[in-house]
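# Results of the structural survey
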Amino acid sequence: GATGLLMNGTGDMKLFDNYYKAVEENCDYAASLGIGICVKPHGGANATGQACRAIIEKVNKPNFRLMYDPGNVMYYSDGKIDPVADAATVDGIVMGMCVKDFQAPKSVDVTPGDGLVDLPAVMARLKAGGFTGGPLVLECVKAGDYQASIAEARRARLFLEELVASLA
């Protein structure tokens, strides 16, 4: 019953070609079941939107797309790549977004809206590039005990609801 599969990719360049050949060989079968497959920025050969675009173009299947992750773009670039600028490289291939933030020196355990990622600008840029609907995954919030984590998750949900409403 799944409709999607999220892959983190591989950072091992010795496996890169075979890894994505296997993805390519399974895309048609996944499509026949109504399943989309996506990769996300996750370090190594797929640390940025631009790198993910090259992978998506290499696989060249309509059901293989991008789950954009601006927090990871900043994380894997040590805060040097602005996800707003990076988002301009992914027009037409985004099927969803990991709503993740970043704090220096190197943390994504941040409640969205509290870190260095300009999430409103990232989402506006993705929308300008054709992303107008799809999953928004809340992957991380500020770490804490159970009650604190629940409070942070609620705060993140409200932030995201307001953000989506502002872009409508």
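All figures in this text were calculated on a predicted structure; none of them were measured in a lab.

### Here we look at the packing of aromatic side chains
Within this structure, the stated rule accounts for four aromatic pairs. The interplanar angle of 70° and the centroid separation of 4.8 Å between the aromatic rings of Y19 and Y20 together place this pair among those described as edge-to-face. Each member of the aromatic cluster is reached from another via a ring pair, and the members are F16, Y19, Y20 and F64. Above the ring of Y75, the side-chain terminus of K106 is found at 4.7 Å from the ring centroid.

### Observations concerning the pairing of strand 3 (residues 64–68)
Among the five residues of strand 3, four are classified as buried, and the element is accordingly described as predominantly covered. Pairing analysis gives three bridges linking strand 2 (residues 36–39) to strand 3, with the strands arranged parallel. Directly across from C38, in strand 3, lies its bridge partner R65. As a crossover connection, the stretch from strand 2 through helix 2 (residues 49–59) into strand 3 is right-handed. Two elements, strand 3 and strand 4 (residues 94–98), share three bridges in a ladder whose sense is parallel. Bridged to Y68 within strand 4 is M97.

### A few points about the nonpolar core
If you look at the biggest cluster of nonpolar residues, it comprises 36 residues, and the most contacted ones within it are Y20, F64, L66, Y68, M97 and L126. Sorting the residues of this core by element identifies helix 1 (16–32), strand 2, helix 2, strand 3, helix 3 (70–76), strand 4, helix 5 (119–128) and helix 6 (146–167) as the ones contributing at least two each. With residues up to four places along the chain from it excluded, the contact list for F64 reads Y20, V23, C27, I37, C38, V39, I55, I56 and V59.

### Considering the packing of helix 1 against helix 2
Contact pair helix 1 / helix 2: the axes reach a minimum separation of 9 Å and the direction vectors enclose 55°. Between helix 1 and helix 2, the interaxial angle falls into the category oblique. Where helix 1 crosses over helix 2, the two elements pack in a sense that is right-handed. Within the contact between the two elements, helix 1 uses F16, D17, Y20, V23, E24 and C27 and helix 2 uses I55, K58 and V59. Here the contact of helix 1 with helix 2 is built from residues that sort into six nonpolar, no polar and three charged.

### Some remarks on the packing of helix 5 against helix 6
Relative orientation of the contacting elements helix 5 and helix 6 amounts to 40°, with a least axis distance of 10 Å. Accordingly, the angle class assigned to the pair helix 5 and helix 6 is oblique. The two elements helix 5 and helix 6 cross, and the hand of that crossing is right-handed. Packed against helix 5, whose contacting residues are L119, P120, M123, A124 and K127, the element helix 6 presents F159, L160, L163, V164 and L167 at the interface.

### Remarks on the pairing of strand 4
Most of strand 4 is tucked away: four of the five residues are buried. Bridge count for strand 4 against strand 5 (residues 136–137) is two bridges, and the pairing is parallel. Bridged to M97 within strand 5 is L136. Remark: the strand 4/helix 5/strand 5 crossover connection has right-handed handedness.

### Focus on the pattern of salt bridges
In this structure the tally under the stated criterion is 13 salt bridges. The partner of D28 in a salt bridge is K61, with the nearest N and O atoms 3.1 Å apart. Here D28, found in helix 1, pairs with K61, found in the loop between helix 2 and strand 3; they are 33 residues apart in sequence, far enough to count as distant. By relative accessible area, D28 is classed as partly exposed at 47%. D69 is the partner of K100 in a salt bridge, and the nearest nitrogen-oxygen pair spans 2.9 Å. Note that K100 is positioned in the loop between strand 4 and helix 5 and D69 in the loop between strand 3 and helix 3, a separation of 31 residues in sequence. An identical accessibility class is assigned to K100 and D69; each is buried. Connected through salt bridges with shared partners, the residues K40, D69, K100 and E139 form a single ionic network.

What counts, and where the lines are drawn
- Residues numbered from 1 in each chain as written.
- Predicted model: local features only at pLDDT ≥ 70, side-chain atom pairs only at ≥ 80, totals over all residues.
- Heavy atoms only, no water.
- Phe/Tyr/Trp six-rings, centres within 6.5 Å; stacked < 30°, edge-to-face > 60°.
- Lys NZ or Arg CZ within 6 Å of the ring centre and 35° of its normal.
- Buried < 20%, exposed > 50% of the residue type's maximum accessible area, 1.4 Å probe, protein only.
- Helix = DSSP H or I, 4+ residues; strand = E, 2+ residues; numbered from the N terminus.
- Pairing = 2+ DSSP bridges.
- Right-handed = clockwise from strand over helix to strand, strands pointing away.
- Core = buried A, V, L, I, M, F, W, Y, C linked by side-chain atoms within 4.5 Å.
- Contact = heavy atoms within 4.5 Å.
- Axes fitted to C-alpha atoms, helices over the stretch in contact; angles between N-to-C directions.
- Parallel < 35°, antiparallel > 145°, perpendicular 65-115°, else oblique.
- Left-handed = near helix turned anticlockwise from the far one by under 90°.
- Nonpolar A, V, L, I, M, F, W, Y, C, P; charged D, E, K, R; others polar.
- Salt bridge = Lys/Arg side-chain N within 4 Å of Asp/Glu carboxyl O.

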